[in-house]
Amino acid sequence: QVQLVESGGGLVQAGGSLRLSCAASERTFSRYTMGWFRQTPGKEREFVATINWSGDSSAYANSVKGRFTISRDNVKNTVYLQMNSLRSEDTAAYYCAATGVTYGLGYSQSSYAYWGQGTQVTVSS
């Protein structure tokens, strides 16, 4: 059972930056595709970014492309989401997720077996 703990959320002004971290409890983390999703009240959880097990392939939602960067450190069992040029519409609870298997890139929630508890990002305009 992989446990994921997100951190780094908070309140930031529009145009600012935040870096989210997601620490995994197991070394098997290095085999898994990781993803970031976000959710606002009353809306479906949506895909933000994904990265493959080795870190050499990633993909992004169109809404964050060019502003957000996903990366991972398999030695530290941690995945990151660097968020730049933040906008008010980026306000959401952000969740990291792990597939639990070696995989390509995961765009769908159904690809992921393990989820963190979420960290809130609030962007003020």
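That block above? That's the structure.
None of these values were measured; they are calculated from a predicted model.

Conventions and cut-offs
- Residues numbered from 1 in each chain as written.
- Predicted model: local features only at pLDDT ≥ 70, side-chain atom pairs only at ≥ 80, totals over all residues.
- Heavy atoms only, no water.
- Pairing = 2+ DSSP bridges.
- Helix = DSSP H or I, 4+ residues; strand = E, 2+ residues; numbered from the N terminus.
- Axes fitted to C-alpha atoms, helices over the stretch in contact; angles between N-to-C directions.
- Buried < 20%, exposed > 50% of the residue type's maximum accessible area, 1.4 Å probe, protein only.
- Polar contact = N/O pair within 3.5 Å; in protein donor to acceptor, adjacent residues only side chain to side chain.
- Disulfide = S-S within 2.5 Å.

### Observations concerning the sheet that holds strand β7 (residues 68-73)
- One open sheet accounts for four strands, arranged β1-β3-β8-β7; its pairing is antiparallel. Either end of the sheet is taken by a strand with one partner, and the two such strands are β1 (4-7) and β7. Adjacent strand axes in the sheet meet at a mean angle of 15 degrees when their direction is disregarded.
- Sheet topology note: the β7/strand β8 (residues 78-83) ladder contains six bridges and is antiparallel. Each residue of the ladder has a partner; that of T69, found in β8, is Q82.

### A few points about the side chain of T119
- Secondary-structure assignment places T119 in strand β11 (residues 119-124).
- A residue is classified by how much of its surface remains accessible, and T119, at 11% relative accessible area, is buried.
- At a separation of 3.2 Å, a polar atom in the side chain of T119 contacts the main-chain amide nitrogen of G9.

### Digging into the state of the cysteines
- Throughout the structure, instances matching the rule amount to one disulfide.
- Through a disulfide, C22 is tied to C96; the S-S separation comes to 1.9 Å. On the S-S bond that ties C22 to C96, the torsion sits near 45 degrees, and the link is right-handed. Separated by 74 residues along the polypeptide, C22 in strand β3 (residues 18-24) and C96 in strand β9 (residues 92-98) bring together distant segments of the chain.
- The buried category is assigned to C96, whose relative accessible area is 0%.

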